[in-house]
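A closer look at the structure
One letter stands for each residue in the lines below.
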Amino acid sequence: MNNIINEIREKARQLLAEGKVDVVIGYEKGSLPLKATPCFVHSPEGVDSLIWDETCENNLAAYAAKTPGKKAIITKGCDSRALAVLLQENQLVRDDLFIIGVSCSGVIDQRNILAEVGEILEAKISDGKISVKGMEGDKEYLFAEVKDATCQTCRYPNPVMEDLHIGETIEVAQDAPAFADVVALEEKSASDRQDYFKEQMSKCIRCYACRNACPLCYCQECFVDCNSPRWLTGGVNRAENLFFQAGRVLHLAGRCVDCGACTRACPQGVDIRALNRKMTKDVYVMYNHEAGIGEEGKPALNEYTTNDPEQFLVKE
Amino acid sequence: MQQNPYIPITMKLVKNLVETEDRLINTFTLEFLNKQDEENFKYMPGQFAELSAYGHGEAPFGIATSPTEPGILKFSVAKVGCVSNALHLLEEGTMVGVRGPMGNYYPLEKFKGKNVVIIGGGFAFTTLRALAKYMLDDKHRGDYGDITVIYGARNPGLLLYKEELAEWENNPNINLVTTIDRPAEGWTKHVGFIPSITEQIAPSSVDTYAVVCGPPAMIKFTLPVLEKLNFTPETIYTSLEMRMKCGLGICGRCNIGTEYVCKDGPVFSMAQLKELPNEY
Amino acid sequence: MKISKEKFGQAFDALVPEYQVIAPVSDANGIAFKGVKSFSEVKQDYLNSKLPPKAFFFPQHEKLMSYKKEGKDVTVKSELKVEDTILFGIRPCDAKGMQLLDMVFKNDQYTDPYYFERRDKSVIIGLACSKIAPTCFCSSFGMSPAGSEGSDILLIDLGDSYEVEVITEKGKALAARFEALSDLSAEEQALVDKIKSAETASKVDVANTTSKLDKMFNSPFWDTLQEKCIGCNVCSFSCPTCHCFDISEEVRKNEGTRVRTWDACMAPLFTLHGSGHNPRDNKKARWRQRLMHKFNYFVHNNGAMACVGCGRCIKSCPVNMDIRQVIDGANKAELVVE
């Protein structure tokens, strides 16, 4: 890890000193244990705050289009997929981007830790182990035990596009996506599924952290904010919340890169990803498409081919 | 308990008049349904009210009538958003909601014994009309010195209250100067932008207050002219626009620094504005 | 004076038929304030709720009025319905937050009837904090984990009993319902003293923040401060003092309701004019508003800071914007000579 951090800092220093970029977007140590926070480094003197570890959970591609000038971005596999979709949708200029790729073995999901040890007072990560001192007790975890659910099914830990790679790459099996989590949900009865989503949607407070953390939710005016026509009310209840979440997922059909940023951003622990994953599977099954796995190509629904399935048009 | 300030009174739309030739501004004449509502609605020129188009929402508009015109309220409203569009489409006779009066008003007490120069551009003339109308009223005219109105629009068809302007032309109690941006057929009065016309007219700043309302660009270029004429920031007033919802200084969106435009404004002197952050 | 938890529970249960009783409970998502029917449902050991209890006076979504159109006519009806309410287990930071909200919902000209009808018909039973989270920083604002401001009655947990402090007249009336009060033992008194003298470990220095901010509207500090903020509403919604709202209409055919819903200064549309002009059209302006409002404008208007140090915004922020660091940054920012 330390070598990776040193290399990141060195490269950032070089890019800024040579004037190749105006800003390096990376991570620095956050104010809370096990939290990294996005940081914007504008001068070579600032690079020593940059870090890299299993707490770097934000998808920095969300800042790419909103940050003016030329920028270098520390990019994980999923972040690179988001950048690829943004490029495919002409939201970014490739020449303004310098992608510092880092392979990622996953990020930590704090939720289970918090549930067990209470507020975290101190934490240490070393050798794949996370030792935590909490208000309600201490515990040591294996990284695999607290790895974010998204990362457990990740097939693209290595950046799909980059200008420079730092550290080693991670071997991944080249098999087709399995979607075991989606299948498990699909196999539940309709009423069980309904109960599940009712519970999830009742937690949503419509703070739009999911939308704003998403690198691909970039609409100038989100459908939830539109007042003529007014698609949904400000009512915070299951029906309205589901309408928002389902609407967002449909807008991401064929575009969602399954980075999990929305679910991690949610302060209420809504399982947003369950909807996204189902939609990702459907797009894969229907179009044999995975979003943003290369710089070329178009999102599945931005393109028409004569082979496209039409089950949704004609019900047999 | 005081009356619930969120509940509008119901008023009848008795006239929905297309005011400008681009058909973007209509003047609504609303009639009080009973004496009690009118009694409760004591207002002064410069104040505004929230108009409800039921089914669409409510939005704030300056009151274009003066309290010297009993029984009714008038609003001249540009078609810009969902509420104003809905209001434009209302049939005469429809009931609408009115919440108000809200905000402060032009400092008519201070104006007493002084000359007043009213400078307005475009459709921001509504509460200025109320102000002039109030001072011109027989009961009040004696309280003020010379009243000068400099009013401009892009072309003659965009001037508001044309009949009234025609009447003021021949009224010895008021000095009316109208102008349009570019020459137009049949137009015999001034041609030019407000700032340069103001410079030409050169109203004296001695014992005089100025009230300026209009698009930001007009205000920006008129202020230096007034300064040249020796108006001080304390003698120049304007009325600000802001996105508003509650109108009560609670919902939090219309503040400029510590001041809520809906409650502490919309009328501010330039001296007051100089003390506030430049965020409007 | 103290009351055993058993006796308190009996008194609590006896109040349920007369009042809507709100208390902390454990749900799928952590601790939440909810209506309860019995003291046995109440979560005893908790830091604080995930969302502040302000929603009981200022709901996230609230009907202001309803109307019905018939032809050109309309009938309008107020939708203000309020029950007598007891809020139990409110932490001192949140109780103080209510006092700050009182200053917003009543100003020199208007009183918000929806807020105050509920506020006036409620009694707040505060519960002092026995445990202090690392993100708690209420002591920065002259408050304390056992502060009584905003509570009508303050309880201090002594294990199997509560120490009872009556703070207001309203509290006195309710406390009359508690029976079998007894004196504290010396040991218990020592515990009470200890809890009352506790301070949060985390503190920010706000002594000069307001006067510093007076001079900082045009500071370059704001340029970089907000870069990582993603502009969501988590901090506002989880803040006990944030109170901005929107008013809109919900329509079904010829009937409708006018509602108010929480809004936030972080939303770009919050200040967008009909003309398209937006006085706060960038994140920098919006963050400046957020900080200025809490630590400068509010102080000038109400004589207090609009932050109670509950730490919710710190815990919930998806990008770890830490308000303590932001205040610290403002304190340290160099002033530019204009």
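Starting from 1, residues in each chain are numbered consecutively following that chain's sequence as written. Chain labels run from A onward and ligand labels from 1 onward, assigned in the order the entries are written. Owing to the predicted nature of the model, reporting of local features is limited to residues with pLDDT of at least 70; listing and counting of side-chain atom pairs is limited to 80 or more, with chain, interface and lining totals taken over all residues.

All names here are of chain B. Read across the open sheet, the seven strands follow the order S10-S9-S8-S7-S11-S12-S15; overall the sheet is mixed. Where the open sheet ends on each side, the last strands, each with one partner, are strand S10 (190-191) and strand S15 (267-269). For two strands to be treated as a pair, DSSP must find at least two bridges joining them. The way it works is that DSSP assigns letters per residue, a run of H or I at least four long becomes a helix, a run of E at least two long becomes a strand, and they are numbered from the N terminus. With six bridges joining them, strand S8 (residues 147-153) and strand S9 (residues 175-180) adopt parallel strand pairing. Residue pairing in the sheet places Thr 148 in a bridge with Asn 175 of S9. Helix H7 (residues 194-201) contacts strand S7 (115-121), S8, S9 and S10 of the sheet and is inclined by roughly 150° relative to S8. Contact criterion: two residues are in contact if their C-beta atoms, reconstructed from the backbone, are within 7 Å. Throughout, an axis means a line fitted to C-alpha atoms (over the contacting stretch in the case of helices), and angles, computed between N-to-C directions, take values from 0 to 180 degrees.

Another aspect to go through is the nonpolar core. Within soluble globular proteins, side chains that are nonpolar generally end up buried alongside one another. By size, the foremost hydrophobic cluster in this structure holds 257 residues, and its most contacted members are Val24(A) and Val211(B). For this core, the element with the highest residue contribution is helix H9 (residues 283-302) of chain C, accounting for seven residues. For Val24(A), the contacting residues outside a window of four places in its chain are Ala12(A), Leu15(A), Leu16(A), Val41(A), Val47(A) and Ala72(A). Put simply, a nonpolar core is buried Ala, Val, Leu, Ile, Met, Phe, Trp, Tyr and Cys residues tied into one set by C-beta atoms within 7 Å. The exposure label follows from counting other C-beta atoms within 10 Å of a residue's C-beta, where the C-beta atoms are placed from the backbone and the thresholds are 20 or more for buried and 12 or fewer for exposed, leaving partly exposed in between.

What follows covers the domain arrangement of chain B. All names here are of chain B. Just so you know, the domain bounds were taken from an automatic or database domain assignment. Segmentation of chain B into domains returns domain 1 (9-102) and domain 2 (108-239). Distance from the C-alpha centre of domain 1 to the C-alpha centre of domain 2: 24 Å. Opposite the 18 residues of domain 1 that make contact, domain 2 presents 14 residues.

Bringing the environment of Val96(B) into the picture now. All names here are of chain B. Turning to its location among the elements, Val 96 is positioned in strand S6 (residues 95-102). For Val 96, a count of 23 C-beta atoms within 10 Å translates into the label buried. Sequence spacing of Val 96 and Tyr 54 is 42 residues, and the spatial spacing of their C-alpha atoms is 6.8 Å. Apart from residues lying up to four places away in sequence, Val 96 is in contact with Met 11, Leu 13, Leu 30, Leu 51, Ser 52, Ala 53 and Leu 90.

A few words now on the sheet that holds strand S1 (residues 9-18) of chain B. The pairing of strands in a sheet comes from backbone hydrogen bonds and takes either a parallel or an antiparallel form. Residues and elements named next belong to chain B. Sheet architecture is open: six strands sit in the order S4-S3-S6-S1-S2-S5, paired in antiparallel fashion. Each end of this open sheet is capped by a strand with a single partner; those strands are strand S4 (57-62) and strand S5 (72-78). When the angles between neighbouring strand axes are averaged without regard to direction, this sheet yields 35°. Pairing of strand S2 (residues 25-32) with S5, which is carried by seven bridges, proceeds in the antiparallel orientation. The residue bridging Phe 28 from the neighbouring strand is Phe 75, located in S5.

Moving on, we get to the pairing of S2(B). Two faces, one strand: in a regular strand the side chains alternate between the faces of the sheet. All names here are of chain B. Burial within S2 is extensive, with six of its eight residues counted as buried. Pairing analysis gives seven bridges linking S1 to S2, with the strands arranged antiparallel. Residue pairing across strands places Val 18 opposite Asn 26, the latter belonging to S2. Once S1 ends, the chain turns through six residues before running back antiparallel as S2, passing Arg 23 with a positive phi of about 60°.

Now for the domain arrangement of chain A. Residue and element names in this part refer to chain A. Entries for chain A in the domain assignment read domain 1 (2-109 + 147-302) and domain 2 (110-146). For domain 1 and domain 2, the distance between their C-alpha centroids amounts to 24 Å. Opposite the eight residues of domain 1 that make contact, domain 2 presents twelve residues. When its residues are assigned to classes, the side of domain 1 that touches domain 2 shows three nonpolar, one polar and four charged. Basically, the charged four are Asp, Glu, Lys and Arg, the nonpolar ten are Ala, Val, Leu, Ile, Met, Phe, Trp, Tyr, Cys and Pro, and anything else, Gly included, counts as polar.

A word on the interface of chain C and chain B. Contacts between the two partners involve 40 residues from chain C, matched on the other side by 37 residues from chain B. Every element with two or more residues in the side of chain C that touches chain B is listed here: strand S4 (61-70), strand S5 (73-78), helix H2 (92-105), strand S10 (245-252) and H9 of chain C. Partitioned by chemical class, the residues of the side of chain C that touches chain B number 20 nonpolar, 13 polar and seven charged.

Residues and elements named next belong to chain B. For the pair H7 and helix H8 (residues 216-228), the least separation of the axes is 8 Å and the interaxial angle reads 20°. The angle between H7 and H8 places the two elements in the roughly parallel class. Along this stretch, H7 crosses H8, giving a crossing that reads as right-handed. In this structure, H7 uses Ile 194, Pro 195, Thr 198 and Glu 199 to contact H8, whose residues at the interface are Met 218, Phe 221, Thr 222 and Val 225. Residue classes in the contact of H7 with H8 are distributed as five nonpolar, two polar and one charged. Any angle that is under 35 degrees is reported as roughly parallel, and any over 145 degrees as roughly antiparallel; angles of 65 to 115 degrees are reported as roughly perpendicular and all others as oblique. The hand of a helix crossing depends on one turn: near helix anticlockwise from the far one by less than a right angle means left-handed, and clockwise means right-handed.

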